[in-house]
Amino acid sequence: LPLVSSITSSSAKSLDVYDDISLQSAISSANKDNSISEIAFKRDSFIVLSKPVIYSGNQPIKFTGRNATLDGTKTANLDVYKNLSASAQQGALLLNTAAAIDISNLAIKNSAANGIVVSIPDNAQGEKSTIYLDRVNISNSEFHGLYIDDNSDFFDKESAGSDIGIYLNIANSNIIGNGTGDNDFDGIRIDERSRGNIIALITNSHIDENGGDGIELDEAGEGDVDITMMNVTLNNNGFYNNADLEDGLDIDEAGPGDINASFYNIEVKNNKDEGLDFDEAGEGDVGIKLRYLNARNNSDEGIKISERSEGGIEVGITMSSVTNNGDDGIQITEIDNGKIEANLLQLTVKDNSKYGIRIEQWNVKDENSTEEAPGSLEINQVTYTNNGKGNYIKTKNVITK
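Below you will find a few notes about this structure. (Residues numbered from 1 in each chain as written. Predicted model: local features only at pLDDT ≥ 70, side-chain atom pairs only at ≥ 80, totals over all residues. Heavy atoms only, no water.)

Turning our eyes to something else, we now look at the overall build of the chain. What the chain contains, in helices and strands, is one helix and 28 strands. Counting the 401 residues in the chain, one finds 55% classified as buried. Split by element, the accessible area of the chain, about 15900 Å² in all, is 42% carbon and sulfur. (Helix = DSSP H or I, 4+ residues; strand = E, 2+ residues; numbered from the N terminus. Buried < 20%, exposed > 50% of the residue type's maximum accessible area, 1.4 Å probe, protein only. Areas by Shrake-Rupley, 256 points an atom, 1.4 Å probe, with all protein chains shown as cover.)

The structure is reproduced here in structure tokens:
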């Protein structure tokens, strides 16, 4: 993904800010003057916001934090929210634009709503909205830490939205302790609707201790979900609502489109529902590559992958550990017309409450017989011990090589 700063012209203006008044003034100017492309904070400044920072310009915008902090404690229940569409779009930093956004070396804490919201206009043009975060810390937001909203329906009941996709690049950041004010608020949440893909790259970051999912990517309409993560923790998430506990990572893809995920050196532990949860419904495939994954002590499955309708599942998990989870360690399920191809290499799968590994392929779930071609499972150097339902791989219509 390109850095936003790489497309900033040499003639663009930068405005310096050091307190709430200067920040609000700079944002107001940027909303009116498309030559302003950067808001630069005084080094180590601590700004208590009197109201949300709302950017609605059409030009790419860069927030250069220089280790500044925005405190959103006082941003609750303000009159400014009366002009916004729904409570989900409230937050300390509101970016109502499809223009490229670059935020670096900035902390947002104690928001009485969301930490950062990117609200994409329904009529947005182009291929994508690009959001780049580097050394950004979002903590203790009552709603989502980072929320990227492509909904036309304010209450997320429809699949209508803009025709552009969402490109998210997060590096060296911490999204911690958010989603503690109400149900179903996550560390990172993307709602992508209509046409357009979600493409996410997350590296060297911690997404931990959020009340809802650590990360939820929700794609409805035509489009894929492509996510790459390297050196990331997804720990201790999903605790807010005991009646609806949530995951370390939850990806839901509905309609035509695929899920593609490639993870390297990921820790997923102590989440209150699944560790990693991939659900694809509609026409589309699932492709998952996991390497150096530690999925431990999650309250439900360590890894759950499911696909319904037209499409198959291709999974490769290598040099990983899936231990002490509250249901199956690894659960892979394909229902309707499709095929599973799984390759498991150098795994330790032990101390899970049910099956260590469960892989099932159905044309119709719980059918007694099927004419569907079987899937395939290739295993090499897999250790499974002390799993609750036995130390073997539970399969249905899958041939082990």
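Picking up where we left off.
Our next topic: the environment of A99. Following the sequence through the fold, A99 ends up in the loop between strand 6 (91-95) and strand 7 (101-109). On a C-alpha basis, the gap between A99 and N58 in space is 5.7 Å, while along the polypeptide they are 41 residues apart. Among residues more than four places away in sequence, those in contact with A99 are N58, Q59, P60, S129 and T130. (Contact = heavy atoms within 4.5 Å.)

Tracing the chain through its elements places E246 in the loop between strand 16 (225-233) and strand 17 (249-254). The buried charged residue E246 lacks any salt bridge, with R189 as its nearest oppositely charged partner at 6.3 Å. The residues touching E246, leaving out its near neighbours within four places in the chain, are D184, D186, G212, D213, E216, N237, G238, N271, K272 and D273. (Lys, Arg positive; Asp, Glu negative; His and termini not counted. Salt bridge = Lys/Arg side-chain N within 4 Å of Asp/Glu carboxyl O.)

This brings us to the sheet that holds strand 19 (residues 276-281). Spatially, 4-6-8-10-13-15-17-19-21-23-25-27 is the arrangement adopted by the 12 strands of the open sheet, whose pairing is parallel. Whereas interior strands pair on both sides, the edge strands pair on one side only; in this sheet they are strand 4 (53-55) and strand 27 (393-396). Averaged over neighbouring strand pairs, the angle between their axes works out to 5 degrees when direction is ignored. For strand 15 (residues 215-220) and strand 17, the ladder comprises six bridges, and the chain directions are parallel. Its bridge partner lying in strand 17, I215 is registered against L249. (Pairing = 2+ DSSP bridges. Axes fitted to C-alpha atoms, helices over the stretch in contact; angles between N-to-C directions.)

Glancing now at a nonpolar patch on the surface. Taken together, M230, Y264 and Y292 make up a surface patch of nonpolar side chains, about 270 Å² in accessible area. In this structure, M230 sits in strand 16. A relative accessible area of 36% places M230 in the partly exposed class. (Patch = residues over 30% accessible without salt bridge, like charges linked within 9 Å, V, L, I, M, F, W, Y side chains within 5 Å.)

The next subject is the layout of surface pockets. One number sums up the size of the second largest pocket: a volume of about 200 Å³. Taken together, 13 residues make up the lining of the second largest pocket; nearest its centre are S306, R308, Q331, T333 and I335. The greatest single-element share of the lining of the second largest pocket, amounting to four residues, is contributed by strand 21 (residues 303-308). For the lining of the second largest pocket, the class distribution of residues is two nonpolar, three polar and eight charged. (1 Å grid on protein atoms, 1.4 Å probe; cavity = no way out; pocket = protein on both sides within 12 Å on 5 of 7 lines; lining within 4 Å. Points joined across faces, edges and corners; volume = space filled by probe spheres on them. Nonpolar A, V, L, I, M, F, W, Y, C, P; charged D, E, K, R; others polar.)

This paragraph deals with the pattern of salt bridges. In this structure the tally under the stated criterion is 12 salt bridges. Between D191 and R189 there is a salt bridge; the shortest N-O distance is 2.9 Å. Residue class for D191 comes out buried when judged on its relative accessible area of 1%. Residue classification places R189 among the buried residues on the basis of a relative accessible area of 6%. Between R358 and E360 there is a salt bridge, with the nearest N and O atoms lying 3.2 Å from each other. A relative accessible area of 22% means that R358 is categorised as partly exposed.

Quick look at unusual backbone geometry now. Here N105, not a glycine, exhibits a phi torsion of approximately 55 degrees, which is positive. With respect to the helices, strands and loops of the structure, N105 is situated in strand 7. With phi around 60 degrees, D351 is a residue other than glycine that occupies positive phi space. Structurally, D351 is set in the loop between strand 24 (340-350) and strand 25 (357-362). By relative accessible area, D351 is classed as partly exposed at 30%.

Locating D258 in the fold gives a position in the loop between strand 17 and strand 18 (259-269). When its relative accessible area of 24% is taken as the criterion, D258 is described as partly exposed. Sequence separation of D258 and E280 is 22 residues, and the distance between their C-alpha atoms is 7.4 Å. Setting aside residues no more than four positions away along its own chain, D258 makes contact with G223, D224, V225, E253, G284 and D285. Reaching out from D258, the side chain makes a polar contact with the backbone nitrogen of D285 at a distance of 2.8 Å. (Polar contact = N/O pair within 3.5 Å; in protein donor to acceptor, adjacent residues only side chain to side chain.)

Worth remembering: the numbers are spatial, not functional.
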